[in-house]
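# Inside the fold
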Amino acid sequence: MRKEMEEDVLVENQSRRKFIGNSSLALVVAALANVTAEGQQKANTQKAEHDHSSSDPGQENKTLLDLNPNSNTPPPTDHGDVLPFWYSFDLVKKRVEEGGWTHEVTQRELPVSKNVAGVNMRLTAGSYREMHWHTADEWAYVLYGNARVTVMHPDGSQFIGDVREGDLWIFPAGFPHSIQGLGPDGTEFLLVFPQGDFSEDGTFLLSEFMAHIPPEVVAKNTGLSIETISDFPEAPMYIFPGSVPGSLEQDKKEIGGEAVLSKLQYTFHLKSMEPTRVTHGGEVRIVDSRNFPLSTRIVGALVTLKPGGIREMHWHPNASEWQFWIAGKGRMTMVLPVANARTMDFNANDVGYVPPNAGHYIENTGDSDVVFLELFAASEFMDVSLNQWLRRVPSEMLKAHLNIDVATAKVIPSEKLQLLPL
Ligand code: MN
Ligand code: MN
């Protein structure tokens, strides 16, 4: 455990400084922060608060500054050299094809995230993400519109189902699957993989399997004539236009009905499920192996946090957290040993990361709801509430640590609330 923690620590050391210094991420974050580590330390001193240091004129990208006030001028409680744990889908190039587009934030863009990678994809009505499979489980959340998905179990049972905004699907590693945009306007979704170096460009495609096997072998294997095989579209197809399919019932019947249809449910209504927890601060919906049996290697939570509210001070004992910000504006501080803390801002379409066990909170700093997804490469969602812990130790112990008596301690919520109001 100790070793694992060391490997996950985000604190900069000499060799990492060199590595990160060469990456594009460092350039972006340096531009954002516009301060060196030394400058940051200085800003924390009383002196700097009282002279004109912080108002000195300097080069700035005002748009970025306005979006990232805490990343630029951190609260005085920040300390040390924590590596960046922020990236944005708006900084990665889109692969645009006829029928849709895709782009991704993986370990290449956000080096601290070794266990999880994410992909954002759009398919127009009727367009396909080509039939394919890959090395990691796929957890997907529909951000917009409607789609039809298929996935086949190695035992031959086939699942076919429709999803809409707020639904998710899981395709286990190696299970072949497809996604198609439906009417009226196709779909947009987020794909999350419990594998930091995953890439949507590195999946196993039907077209490539066909194109790189001698045609006479494909003919023997399928029974198709060489002539038919020579008419296959060129590989790769990846994303390509198609016609909006008929009804789901028609498709189910056509592939063989009950005899071949899967008994397993690969899709889940996340946004419309009963909230796992509701407080005056917002709502949390947790999906893991306890309510969605296929969720054995990746689990998630959909969080809605009201303006001024906080996702309480907590940590996750069993996995790192990978966040996708759907809406709103907020900040997160992460605290790591020894005396290292960094605060960064997050906006819609941003990605955040927290290593296992690192204490953190999220505060809604905007004037509308923050909506974000928390994803973990695990089978169960697990978080430790600081408040709950404080209320479950003997009062003498609490007094010895924080210098508060029993009566004072009673204002601390004794239950895990996850979301606290303003
Ligand atoms: Mn896939
Ligand atoms: Mn968390």
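We now turn to the structure provided with this report.

## Brief notes about the environment of Leu302
Mapped onto the elements, Leu302 comes out in strand β16 (residues 299-305). In sequence terms Leu302 and Val287 are 15 residues apart; their C-alpha atoms lie 8.4 Å from each other. Filtering out sequence-adjacent residues up to four positions away, Leu302 remains in contact with Tyr141, Leu270, Lys271, Glu283, Val284, Arg285, Ile326, Val371, Phe372 and Leu373.

## A short note on the coordination of the manganese ion (ligand 1)
Coordination of the manganese ion (ligand 1) by the protein involves His132 (NE2), His134 (NE2), Glu138 (OE) and His177 (NE2), with metal-donor separations of 2.0 to 2.3 Å. Of note, the donors binding the manganese ion (ligand 1) are all from one chain and are spaced H-x1-H-x3-E-x38-H. Within this pair, whereas His134 is found in the loop between β5 (128-133) and β6 (138-152), its partner His177 is found in strand β9 (residues 177-181), the two being separated by 43 residues in sequence. A single burial state applies to His134 and to His177, both of which are buried.

## A short note on the nonpolar core
Within the largest apolar cluster, 78 residues are counted, with the highest numbers of intra-cluster contacts made by Trp139, Trp169, Leu270, Trp322 and Leu373. In terms of residues, this core owes the most to one element, β6, which gives eight residues. Core analysis: the next-biggest nonpolar cluster, separate from the first, contains five residues, Leu398, Ile404, Ala409 and Ile412 among them.

## Section: the sheet that holds strand β18 (residues 321-327)
Strand order in the open sheet made by the seven strands is β1-β21-β18-β23-β16-β15-β14, with antiparallel pairing throughout. With partners counted over all chains shown, the strands left at the sheet margins are β1 (86-88) and β14 (277-279), one partner each. For this sheet, the mean angle separating the axes of adjacent strands, direction not counted, is 20 degrees. Judged from the six bridges that link them, strand β15 (residues 282-287) and β16 form a sheet pairing that is antiparallel. Bridge pairing links Val284 to Val303 in β16.

Cut-offs used in this document
Residues numbered from 1 in each chain as written. Chains lettered and ligands numbered in written order. Predicted model: local features only at pLDDT ≥ 70, side-chain atom pairs only at ≥ 80, totals over all residues. Heavy atoms only, no water. Helix = DSSP H or I, 4+ residues; strand = E, 2+ residues; numbered from the N terminus. Contact = heavy atoms within 4.5 Å. Donors = N, O, S within 2.8 Å, 3.2 Å for Na, K, Ca; no water. Buried < 20%, exposed > 50% of the residue type's maximum accessible area, 1.4 Å probe, protein only. Core = buried A, V, L, I, M, F, W, Y, C linked by side-chain atoms within 4.5 Å. Pairing = 2+ DSSP bridges. Axes fitted to C-alpha atoms, helices over the stretch in contact; angles between N-to-C directions.

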